[in-house]
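Topology and contacts: notes
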Amino acid sequence: MQSQPANIFERAFKRLVPGGDAGAGRRAANESLTVAADLPEADLEVVRQWIDHCLAENGGQVAARNRAAELGRTYLTLSRQGRIRFLGLLAEHYGVDEARVGREIDHWQAAGSGHKTAAAQALRQALEPSRVALLKQFNGVPSGVKFLVDMREELLGLRKEHPSLQPLESDLKELLSHWFDVGLLQLEEISWRSGAVLLEKLIAYEAVHAIKSWSDLKNRLDSDRRCFAFMHPSMPDEPLIFVEVALVSGMADNVQALLDESAPTQNLEAADTAIFYSISNAQRGLAGISFGNFLIKQVVRKLREEFPQLKQFATLSPIPGFCRWLNQSDADTLRGLPGGEQWLSLPPPRTPEQLDPNGNNEVRRDALTRLAASYLCQVRRQGNKAQDPVAHFHLSNGAQVARLNWLADSSDKGLKQSAGLMVNYLYELPKIEQRSERYTSEGAIAQSSAIKKLLK
């Protein structure tokens, strides 16, 4: 997401408890929770008692969810230090009751055959941290699911500095994984006629090629373009992930040409290729919960139904880790890779993100293109997977590394991250499942003949 945490929580606050602060004022005094922003020790104890009341469900589930909503409202008013203390309370004091687990294990072991199932169920309930029961109460609160997604985003930013929060983040991830199972998601096409709120979210969440204006957005939603998003029923105006598609003739090799607002609209009858040029995860709080591969497959199915003449499905993708890897690699490592000797023969300073003003561009082009092919296909991280995160995503989905394109992205970001290079990943429909399986199990990376030639 592009928004800062303060703005995220402010938006969630307005919807979590209808009426915001005024909504709290309409409650009876004993249903209002007021604490200082930094959550000092005395107020932390007040919050702890409130959580205990939520978990006890005094007054029934509806009352408990109302208390959970008030707890969420309070959380959103806290300072950064106050939120850290609040999250620490959940992480450290609302875990698994080990004594209860021990008792339930004894009951399960002693249970006769007719009572084994009930004893096992009781044991499963005992193994669930008490904080999970609290988090589940937000599922019945307006905007409560979005509130938890945003809370996990903040936890992801805090866990390195505060490792004690890791158990809470893990519990929240598991809970959201169930709630955001791909079978519960809805594929929605986004067009220029979609609601303004949703269109604004596209502008805010676009993470690959920034949308610069409303006219830029309108161009990306023109008749020769398509945009699809996964939505969740509990977050109707919030795309989870979305893909932007251009319908073109042949495989696109330059993103500036693809996004040129002055370019003529493509004749759809002549279009034979669907180019996926931007895939953006819109909710950082759902990191690690994968549904991008399902999105691509469903979009391909939809496009084939609408445009049966399409023959190719491919991406025009950045190589976001390339320049960082190249700058951090030592000379011995580079000499062992195709293009490495050429690159090291160039006079310093060697900066992959800038063209050489003195005219060594042909040498640079050959060296960088071959090194990029090596980076995509030969450089591995743990588990024998591709080092580049975008490459790993598409290879996991069954794509082939098809073609490298020189100066395909001349933007500042494109030059800095990818030396201006972009790659086409080709989705050959009959081979997708086999390639995905081979990459996942063996680390095998499907390569076109052009890529293989660069690696010699």
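This brings us to the pairing of strand β3 (residues 241-248). Across the 8 residues that make up β3, a large majority, 8, are buried. Burial along β3 is two-sided: Ile 241, Val 243, Val 245 and Leu 247 and Phe 242, Glu 244, Ala 246 and Val 248, pointing in opposite directions, are all buried. As paired elements, strand β2 (residues 225-231) and β3 share 6 bridges and run antiparallel to each other. Along β3, the bridge assignment pairs Arg 225 with Ala 246. Alignment of β3 against strand β4 (residues 273-281), held across 8 bridges, turns out to be antiparallel. From the neighbouring strand, Leu 247 faces β4, where its bridge partner is Ala 274.

Taking 1.5 Å of rise per residue, the 17 residues of helix α18 (residues 361-377) would be expected to cover 24 Å, and the 24 Å separating its terminal C-alpha atoms lies within 8% of that figure. Along α18, the residues that are buried comprise Arg 364, Ala 367, Leu 368, Thr 369, Arg 370, Leu 371, Ala 372, Ala 373, Ser 374, Tyr 375, Leu 376 and Cys 377.

Phi at Leu 39 is positive, roughly 55°, even though this residue is not glycine. Since its relative accessible area comes to 0%, Leu 39 is described here as buried. In this model, Leu 407 sits at a positive phi of 50°, which is unusual for a non-glycine residue. Here Leu 407 is to be found in the loop between β8 (400-405) and α20 (412-418).

The subject of this paragraph is the side chain of Arg 131. Along the chain, Arg 131 falls in helix α8 (residues 130-137). Here Asp 171 takes part through its side chain, which lies 2.6 Å from a polar atom of the side chain of Arg 131. Apart from the residues within four sequence positions on either side, Arg 131 is in contact with Leu 90, Ala 91, Tyr 94, Gly 95, Pro 167, Leu 168 and Asp 171.

Analysis parameters
Residues numbered from 1 in each chain as written. Predicted model: local features only at pLDDT ≥ 70, side-chain atom pairs only at ≥ 80, totals over all residues. Heavy atoms only, no water. Buried < 20%, exposed > 50% of the residue type's maximum accessible area, 1.4 Å probe, protein only. Helix = DSSP H or I, 4+ residues; strand = E, 2+ residues; numbered from the N terminus. Pairing = 2+ DSSP bridges. Expected span 1.5 Å × (residues − 1). Polar contact = N/O pair within 3.5 Å; in protein donor to acceptor, adjacent residues only side chain to side chain. Contact = heavy atoms within 4.5 Å.

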